[in-house]
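# Architecture and fold: a report
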Amino acid sequence: MNRSDDQAPPSRPLRSSCWFGPADLRSFGHRSRAMQMGYAPEEWEGRPVIAIINTWSDLQPCHAHFKTRVEDIKRGVTMAGGFPVELPALSLSESLMKPTPMLYRNLLAIETEELLRSHPVDGAVLMGGCDKTTPGTLLGAISMNLPTIFVPAGPMLRGNWRGNVLGSGSDSWKYWDELRAGTIRQKDWLEIERGIARSPGTCMTMGTASTMTAIAEALGFVLPGGSSILAADSNHIRLCSASGRRIVEMVQEDLKPSDLLSRSSFENAIAVAMALGCSTNAIIHLVALGRRAGFDIGLDDFERQSRRVPVICNVRPVGETFLMEDFYYAGGLPALMAEMQSLLDPDCRTVTGKTLGENIADAKVNNTEVIRPLDRPVYPEGSLAVLKGNLAPSGCVIKPAAMDQRFLRHSGPALVFDDYPSLKAAVEDMDLDVTPDHILVLRNAGPLGGPGMPEWGMLPMPRKLLKAGHRDMLRLSDARMSGTSYGACILHVAPEAFVGGPLALIRTGDVISLDVARRPLDVMLSDDELAERRAAWVPPPPRYERGYGAVFSRHVQQADQGCDFDFLTTQSGSAVPEPAIF
């Protein structure tokens, strides 16, 4: 495995040589232990050591193919003259991890940063895709600032039920409501269960997974088009190998996250998210990523882009028919970015070493129904809208492009629940005193209250209303919702109720008013009434008193700040030094 003549050695000392290079006792131990694993010095001497952060596990269905894909990345690294090493990390299965993987996103960020810092590595390939793994690994890599490339898991194949196309999540919610309404049978429901997820890969709707991998590409961390390739497509294998080859070159070029990221690159990412019909979770993760990179990204940045960028990606749940497989065949993310290039800064750098504009110069849209032109959008504004008012002084979010448009301006009485079990039981009660004009409210479901801000925000429709033919109503919470969800759901209310935000003070019957066009969200109470209720409010006991949960509770920030830990932000202190090697 000697380096071929056409593979030039790096022009600067490798970081890994601090472990393997010196002629001292400690490095003797490093080299001898590497040889203990069967590696010969010729395999690492003078070669960039590439860490592959692999979020595979037996309980991560979205990453089931990562067990073999990592070998394709290793093949690429070796071809380019590098030495690949696999470092397993938290898999954060969205479907199986409770109470919510969001509780552990920052733990994965810490793990990624410290895996890279503490080991003899020169660059990193991040393997992620399922919702929190993309921001989690990127947060850690941005803080560590070694050359880094991201390999997305890719969407799964479209689902199928009796010849009908099924979309992850979106059709789960749809047909669950139909089952509760009595329009389908239990036998139908079980058939849907067997047909909705047919291959490895992430949700094939424009959920949080596809939103965040597209954002990773828009930020410059993914090879062009990589975020759109299906997990089951052989092009995904080639993407893995190509990413392995490219990271070796990036180490030689010393091309780091800090060289790629700028305020413009984050503004590009927000604009792309808006055009995609993105998940509401994009706001939380992009705010955290931006602030880790040293840029004061906030809700106002999303509001500005929402007003100027229309939705042009006709993929569910914003779209009516198409899924990520169709988006890939239509040209994928490069085609979408080419269509909206007038709304982007084309000069931002990417992992290719070229600019975003250079990467998309030859991209073409193959299906103008899937990727619409700017003058024929799916929705005239961006996917998300940021609301503020006396109920959410720090802001909250709604997805106007994926809701019944009659609720864009609405006032109605609140029906308030303090916890999810109470809500879940009440909505099944056919005698529940509720009308389509009511506003369902769930509180104590935010970062601290959830705990971890679970995806409960698409509050279940009352069975009574489903039976009457209704499929949407205004719903309000300090929770998140799945990116595959839809409906008139106001989310991420900040500050959350658990810390005494105004949401903690409202009562059933209080009138709440919303006007998405103007962006206010208010409860119709006087300041004096709110002050009187606040004086009577009693803080709840903490959810955790020991363990990781206690650390989370002491340090997590609110939704409008990205839910990062306060001690991980760029502003929290000086940079962590390289480890001492003695």
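By convention here, each chain's residues receive numbers from 1 onward along its written sequence. Where totals are concerned, whole chains, interfaces and linings use all residues; where local detail is concerned, this predicted model gives features only for residues with pLDDT of at least 70, and gives and counts side-chain atom pairs only at 80 or more. By convention in this description, side-chain values take in all heavy atoms of the structure and omit both hydrogens and water.

### As for the overall build of the protein chain
Here a helix means four or more residues in a row that DSSP labels H or I, a strand means two or more in a row labelled E, and each is numbered from the N terminus. Of regular secondary structure, the protein chain possesses 21 helices and 14 strands. For the protein chain, the C-alpha atoms occupy an extent of roughly 75 × 55 × 45 Å along the three principal directions. When a residue's accessible area, from a 1.4 Å probe over protein chains only, is under 20% of the maximum for its type it is buried; when over 50% it is exposed; and in between it is partly exposed. Out of the 582 residues belonging to the protein chain, those deemed buried represent 60%. Any two residues having at least one pair of non-hydrogen atoms within 4.5 Å are treated as being in contact. For the protein chain, the share of sequence-separated contacts (at least 6 apart) that also reach a separation of at least 24 residues comes to 78%. Using the Shrake-Rupley algorithm and a 1.4 Å probe, accessible areas are obtained, with residue cover drawn only from the displayed protein chains. Of the accessible surface of the protein chain, which amounts to about 22000 Å², a share of 53% is contributed by carbon and sulfur atoms. Charge assignment: positive for Lys and Arg, negative for Asp and Glu; neither His nor the chain ends contribute. Each charge is placed at NZ for Lys, CZ for Arg, CG for Asp and CD for Glu. Taking the average location of the 59 positive side-chain charges in the protein chain and that of its 68 negative ones, the two points are 3 Å from each other.

### Considerations on the pattern of salt bridges
Between side chains of opposite charge, a pair can form as their charged atoms come close. Salt bridge, as used here, is a side-chain nitrogen of Lys or Arg placed within 4 Å of a carboxyl oxygen of Asp or Glu. Applying the stated criterion across every chain yields a total of 44 salt bridges. We note a salt bridge from arginine 406 to aspartate 404, for which the minimum N-O separation is 3.7 Å. For glutamate 455, the salt bridge is made with arginine 480, and the minimal N-O distance between the two is 3.1 Å. With glutamate 455 in the loop between β10 (439-442) and α19 (463-467) and arginine 480 in the loop between β11 (474-477) and β12 (489-494), this residue pair connects regions lying 25 residues apart in the sequence.

### Considering the state of the cysteines
We call a pair of cysteine sulfur atoms a disulfide whenever their separation is within 2.5 Å. Enumeration over the complete set of coordinates arrives at zero disulfides. Between cysteine 396, a cysteine without a disulfide, and cysteine 489, which holds the nearest cysteine sulfur, the sulfur-to-sulfur distance is 12 Å. For cysteine 396, a relative accessible area of 2% puts it in the buried group.

### Concerning the sheet that holds strand β1 (residues 49-54)
Pairing between the strands of a sheet comes from backbone hydrogen bonds, and it takes one of two forms, parallel or antiparallel. Paired strands, in this sense, are two strands between which DSSP finds at least two bridges. Spatial strand order, β2-β1-β3-β4: four strands in an open sheet with parallel pairing. Lying at the two open borders of the sheet, with one neighbouring strand each, are β2 (83-88) and β4 (148-152). For this sheet, the mean angle separating the axes of adjacent strands, direction not counted, is 20°. Here β1 runs beside β2; their pairing, made up of six bridges, is parallel. Bridge assignment links asparagine 54 to a residue of β2, and that residue is proline 88. Only the stretch in contact is used when a helix axis is fitted, and all axes are lines through C-alpha atoms; the angle between N-to-C directions ranges over 0 to 180 degrees. Against the sheet, helix α6 (residues 133-144) contacts β1, β3 (123-128) and β4, and its axis sits at roughly 165° relative to β3.

### Remarks on the sheet that holds strand β13 (residues 511-515)
Read from one edge to the other, the open sheet built from eight strands follows the order β7-β8-β12-β11-β10-β9-β13-β14, with strand pairing classed as mixed. Edge positions in the open sheet fall to β7 (385-389) and β14 (521-523), since each of these has one partner strand only. Strand-to-strand, the axes of this sheet are offset by a mean angle of 30°, without reference to chain direction. When β11 meets β12, the two strands line up parallel, connected through two bridges. Within β12, the position partnered with arginine 475 by the bridge is cysteine 489. Packed onto the sheet, helix α14 (residues 299-308) meets β7 and β8 (392-398) and runs at close to 125° relative to β7.

### A closer look at the layout of surface pockets
Computed from the structure, the largest pocket encloses a volume of approximately 1400 Å³. Grid points spaced at 1 Å over the protein atoms alone were grouped into cavities, where a 1.4 Å probe fits but cannot get out, and pockets, open sets with protein on both sides within 12 Å along at least five of seven lines, with lining residues defined by an atom within 4 Å of a point. Lining the largest pocket are 46 residues; nearest its centre among them are Lys98, Gly169, Ser172, Trp173 and Ser482. Taken together, the elements giving at least two residues each to the lining of the largest pocket come down to α7 (170-181), α8 (186-195), α9 (208-219) and α18 (420-426). For the lining of the largest pocket, the element with the most residues is α7, which contributes six residues. When residue character is reported, Ala, Val, Leu, Ile, Met, Phe, Trp, Tyr, Cys and Pro are called nonpolar, Asp, Glu, Lys and Arg charged, and the others, Gly included, polar. Of the residues belonging to the lining of the largest pocket, the class tally is 24 nonpolar, eleven polar and eleven charged. In this structure, the second largest pocket spans a volume of roughly 500 Å³. In terms of lining residues, the second largest pocket is bounded by 19 residues, among which Pro317, Gly319, Glu320, Ala402 and Tyr486 are the most central. A breakdown of the residues in the lining of the second largest pocket according to their chemical character gives seven nonpolar, four polar and eight charged. Grid points are joined across faces, edges and corners, and a volume is the space filled by probe spheres set on the points.

### Some words on the packing of helix α5 (residues 105-118) against α6
Where α5 meets α6, the closest approach of the two axes is 7 Å, and the angle between their N-to-C directions is 40°. When the axes of α5 and α6 are compared, the pair comes out oblique. α6 is crossed by α5, and the crossing has right-handed handedness. On α6, the residues that touch Arg105, Asn106, Leu108, Ala109, Thr112, Glu113, Leu116 and Arg117 of α5 are Thr133, Pro135, Gly136, Thr137, Leu139, Gly140, Ala141, Ser143 and Met144. Looking at the contact of α5 with α6, its residues break down into seven nonpolar, seven polar and three charged. Working definition: roughly parallel below 35 degrees, roughly antiparallel above 145 degrees, roughly perpendicular at 65 to 115 degrees, and oblique for all remaining angles. Crossing chirality is assigned from the near helix's rotation relative to the far helix, an anticlockwise turn below a right angle marking it left-handed and a clockwise turn marking it right-handed.

### Topic: the packing of α5 against helix α13 (residues 281-292)
Relative to each other, α5 and α13 sit at 35°, their axes nearing to 13 Å. You can see that α5 and α13 cross each other, and the crossing is right-handed. Facing α5, whose interface residues are Arg105, Ala109 and Glu113, α13 presents Ile284, His285, Ala288 and Arg292. Across the contact of α5 with α13, the residue classes break down as three nonpolar, one polar and three charged.

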